Structure formats: C-alpha cells, structure tokens
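Commentary on secondary and tertiary structure
The chain contents come next:
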Amino acid sequence: MTDNPATHGVHIVSSKAQIKEFVLFPYNHYQNEPHWVAPLLMDEKKLVDTKNNPIYENIEAAFFIAEKNGVICGRIAAFNNHVYADYHKENVGFFGMFECIDDQAVASLLFKVATDWLIEKGRTSILGPFNPTMLETLGILTEGFDKDPVIMMPYTKPYYPKLIEGAGFEKAMDLFTYYVDKEMVNFERVEKASDLIMRRTEGLSIRFCEKKHYDREIAIFREIFNKAWSKNWGFQPVSEKVFANLAKELKPILEEDLAVIAYVKDVPVGFSIAIPDYNFALKKINGRLLPFGIFKLLYLRRKITKIRIALMGIIPEYQGKGIDVIMHKEAIVNGIRRGYRSAELGWVLESNINMVRLAERMGAVLDKKYRIYGKSIG
C-alpha cells in the first residue's frame, strides 16, 4: 500500500495522532487561500469519529494520509455505505475528504488506496466526494473560486478537477448554487405568484418553526425530507438518529421565521430551512472557538448579511404546484426584515430542472458549481 517512504507513500490512519494529522491537514493546506473558511475544528473531529457519530451506523470508513519526503501532503477517506447501496441497488462505494497538493502521482496513489479498499469490500464503482453523505459538504468546486463559500458548503483548490480526472474519474453530477439579493427580486411578481398559488391549492397554509416544540418539528422535517427526496439522485433515507444529530447542530443557529412548514388541510407537505451564513464569522476565528473565538463569533454574528436556503422538500404529490415559491418567498422576505441583504439558494442538482427554473424565476443568478465524480472499479 505504500511506496518508497523517501519519495511518497500512503498509509491508513490507525492512531489518535494520525487522526489528528488527518483532521488538521486542510488548515495548513489552505492557509494562503483568501476564500477558504476554516470549519470548526470540533466539528471536523466529530466528522471522523466513527465510534460516536451516528452517521456511521451503516457506513464503514477508512481514512488515509499521503506523505512525500516525510511531509504530509494529502488525505482521502473511503466509505462503504450499506444503506445507499441497498436503497439504490447499486454496488457503489464512495470517496470523500479529499485534499492534496498539486501532484498527480500523490493524488493517483490516494485514489488507488481508497479504490482498493472499496474493491476489498466488494464494490464495483465509486462516487465522490461525499463527506460521507449528502447531509454534509459534498462535491468539488469547479466555478466560483473568487468567492467565499457559504455555511456548510466546501471551498476546494482550483486544480482538484485536474487531479481527479487524471486519476480516471468522470463527471457524475453537477450541483448549482444561486445568488439573489433584495434588489434582484421582483417582489410584486413574487407576491402575485404566491397569491395565485394560495388560491389554487385548497387548504394551503404556512407556519414558522417553533423551537419550543423542536422534537416535533424535526420529526416533521425528516418525514417530509425522506418522501420528497426519495427519487432524487444521490439520496438515501435518513434515520431518526442521524437527522436528530443534524438538527442538534442546527438548533443554535436556526431562526424560527426562516424555517417554514407548508400544510394542506392540516397535513404537512413541505418545509424549507434557511440559516444565517455563519461563515462570515467563522472566517475570523480560524476554526477555533477557544480561548477567544467564541467571543468573536458572538460579536460578528450581528454583522452577518446573508442567509443560505439550505434544506427544502415537498412531498411528491404536491411538487410542481408552486409551494416552493411560497416557502422561498417567506425565507427571503423574513430575511430582509431581519436585516439580511442577500441569499444563496442551494445546492440544486443540475438534473432538478424545476428547482433551477424556480431559482431563475426568483431573479437569482447562477453563482457556483460543484461536481461529483465517478468511475467503475475492480
């Protein structure tokens, strides 16, 4: 699995010291990138905690570090996701958490060890990057390198597509994000469309999330999400435990009037969650809350001017009826009321034509593109 250690090689992460090296590598790798936002170190540690993070209930994981002349120069993870493979009836595994210097030999070796590990697990194809599922950051940035990423979206090196394609991967799917600000939205048009949709859909109503009943709200979000996304590319059913863990992380930054639930005759049929773009504040603390980062974060949160519409779903029988227009409108209008001036919509699958058209009708413009790669293995 390793080459001559005096040149370059890869080894599997097996000790606490190696896990620390794996987690810390991006903080050094991106230190001169002006648009990279350091994620919270505590969150990155949780993401590789296969014993305690519920997301690994049905996912086997292996983490690898590359070294060149004794210096760490790359990393990758391989994921054997049993739920995804069984749900899609596809013999597929995943790579993720890929970071590397601009060296094709090192990158190719990283992909080889990840692929070999998945072949040993019986997989015959590979997709990525998933980190490790669609609920975390995913994809490689291919357009938009001159902008900061919003919260829970990645920023990656411009040469990554070259390295991944050089290792034999091809595009599997692109993800789009859209930018809109209050000057770009035709509110008169949106209000007219919203009124028309409300009249056409008998019994349609909208309410805000109530944090005092958070467990109830999360159960509703999860039920809608699993139904709404069931036929989407890359989806896998999300367990109660995994969704509860995500909800726990979102709760401190969730604002009630930026999270809405749509009902038809008292039955929940859709939801949308927008969150403030805390990356604006996180960028100033370099991933560390302690000892003084927490105070910077609390101060800077008041200066955040953007929101991200991060999660949305409508159950299949009510898709295409315009309910998404109403929920987007609520997020943008209430965001403006709170002092936010712009929003990022996404990500959106390039194959989801309805959502692409909705973003365009809202006046949003394509802002960034991310790519998922794949190839056959074995």
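These notes cover the structure that comes with them. Just so we're clear, the structure is a prediction, and the values are computed from it rather than from any experiment. (Residues numbered from 1 in each chain as written. Predicted model: local features only at pLDDT ≥ 70, side-chain atom pairs only at ≥ 80, totals over all residues. Heavy atoms only, no water.)

**Quick word on helix α7 (residues 214-228)**
One full turn of an α-helix is made of 3.6 residues, so residues set three or four places apart face in the same direction. With 15 residues, α7 should cover 21 Å at 1.5 Å per step; its first-to-last C-alpha distance of 21 Å lies within 8% of that length. Among the residues making up α7, those that are buried are Tyr214, Glu217, Ile218, Ile220, Phe221, Ile224, Phe225, Asn226 and Ala228. Lining the buried residues of α7 we find β8 (204-208), α8 (240-250), β9 (259-264), β10 (267-276) and β11 (306-314). (Helix = DSSP H or I, 4+ residues; strand = E, 2+ residues; numbered from the N terminus. Expected span 1.5 Å × (residues − 1). Buried < 20%, exposed > 50% of the residue type's maximum accessible area, 1.4 Å probe, protein only. Contact = heavy atoms within 4.5 Å.)

**Notes on the environment of Ala105**
Here Ala105 lies in helix α4 (residues 104-120). The partly exposed category is assigned to Ala105, whose relative accessible area is 39%. For the pair formed by Ala105 and His8, sequence separation is 97 residues and the distance between their alpha carbons is 8.6 Å.

**Quick word on α4**
Here α4 contains 17 residues, and its C-alpha end-to-end distance of 24 Å stays within 8% of the 24 Å for a straight helix at 1.5 Å per residue. Listing the buried residues of α4 in full gives Val106, Ala107, Leu109, Leu110, Phe111, Val113, Ala114, Thr115, Trp117 and Leu118. Where the residues of α4 are buried, they touch β1 (8-12), β2 (59-68), β3 (71-81), β4 (92-100), β5 (125-128) and α5 (160-166). Of the residues flanking the end of α4, it is Gly122, one or two places downstream, whose phi is positive at about 95°.

**Structural notes on the nonpolar core**
Judged by nonpolar contacts, the single largest core of 135 residues is most densely connected at Phe63, Met97, Phe98 and Phe225. The element contributing the most residues to this core is α4, with nine residues. Beyond its immediate sequence surroundings of up to four residues, Phe225 is in contact with Leu135, Phe235, Val238, Phe243, Phe271 and Leu311. (Core = buried A, V, L, I, M, F, W, Y, C linked by side-chain atoms within 4.5 Å.)

**Quick look at the side chain of Arg75**
Residue placement: Arg75 occurs in strand β3. Buried charged residue Arg75 carries no salt bridge. Nearest counter-charge: Glu44, at 4.6 Å. Ignoring any residue separated from it by four or fewer positions in sequence, one finds Arg75 in contact with Phe22, Val23, Phe25, Pro26, Phe64, Ile65, Met97, Phe98, Glu99 and Leu110. (Lys, Arg positive; Asp, Glu negative; His and termini not counted. Salt bridge = Lys/Arg side-chain N within 4 Å of Asp/Glu carboxyl O.)

**Things to note about the state of the cysteines**
For the structure shown, the criterion picks out zero disulfides. Free of any disulfide, Cys100 has its nearest neighbouring cysteine sulfur in Cys73, separated by 6.0 Å. Residue Cys100 is classed as buried on the basis of its relative accessible area of 0%. (Disulfide = S-S within 2.5 Å.)

**Some points on the pairing of β10**
Burial analysis of β10 places eight of its 10 residues in the buried class, the great majority of the element. One ladder, built from six bridges, connects β9 with β10; its direction is antiparallel. Looking at β10, one finds that Val260 is bridged to Ser272. As paired elements, β10 and β11 share seven bridges and run antiparallel to each other. Counted as the bridge partner of Ile275 is Arg308 from β11. (Pairing = 2+ DSSP bridges.)

**Considering the packing of aromatic side chains**
For the coordinates displayed, the defined rule picks out 22 aromatic pairs. Between Phe145 and Tyr155, the aromatic rings sit 6.3 Å apart at their centres with planes inclined by 85°, giving edge-to-face as the arrangement. Of the two residues, Phe145 sits in the loop between β6 (140-143) and α5 while Tyr155 sits in the loop between β6 and α5, which places them 10 residues apart along the sequence. On the basis of relative accessibility, which here comes to 22%, the residue Phe145 falls in the partly exposed class. Judged by centre distance (6.0 Å) and plane angle (55°), the ring pair of Phe225 and Phe235 falls under tilted. Here Phe225 is found in helix α7, whereas its partner Phe235 is found in the loop between α7 and α8, with 10 residues between them in sequence. Judged on exposure class, the residue Phe225 and its partner Phe235 are both buried. Taken together, the aromatic side chains of Tyr87, Phe225, Trp229, Phe235, Phe243 and Trp347 make up a single cluster linked through ring pairs. Stacked on the ring of Phe22, the Lys or Arg Arg75 has its end atom at 4.5 Å from the ring centre. (Phe/Tyr/Trp six-rings, centres within 6.5 Å; stacked < 30°, edge-to-face > 60°. Lys NZ or Arg CZ within 6 Å of the ring centre and 35° of its normal.)

**Things to note about the pattern of salt bridges**
In total, this model carries 24 salt bridges according to the counting rule given. Notably, a salt bridge pairs Lys147 with Asp146, separated by 3.3 Å at the nearest N-O pair. A residue is classified by how much of its surface remains accessible, and Lys147, at 29% relative accessible area, is partly exposed. Arg216 is the partner of Glu210 in a salt bridge, and the nearest nitrogen-oxygen pair spans 3.0 Å. Judged by its relative accessible area of 29%, Glu210 is partly exposed. Within the structure, one salt-bridge network assembled from shared partners comprises Asp146, Lys147, Glu344, Asp367 and Lys368.

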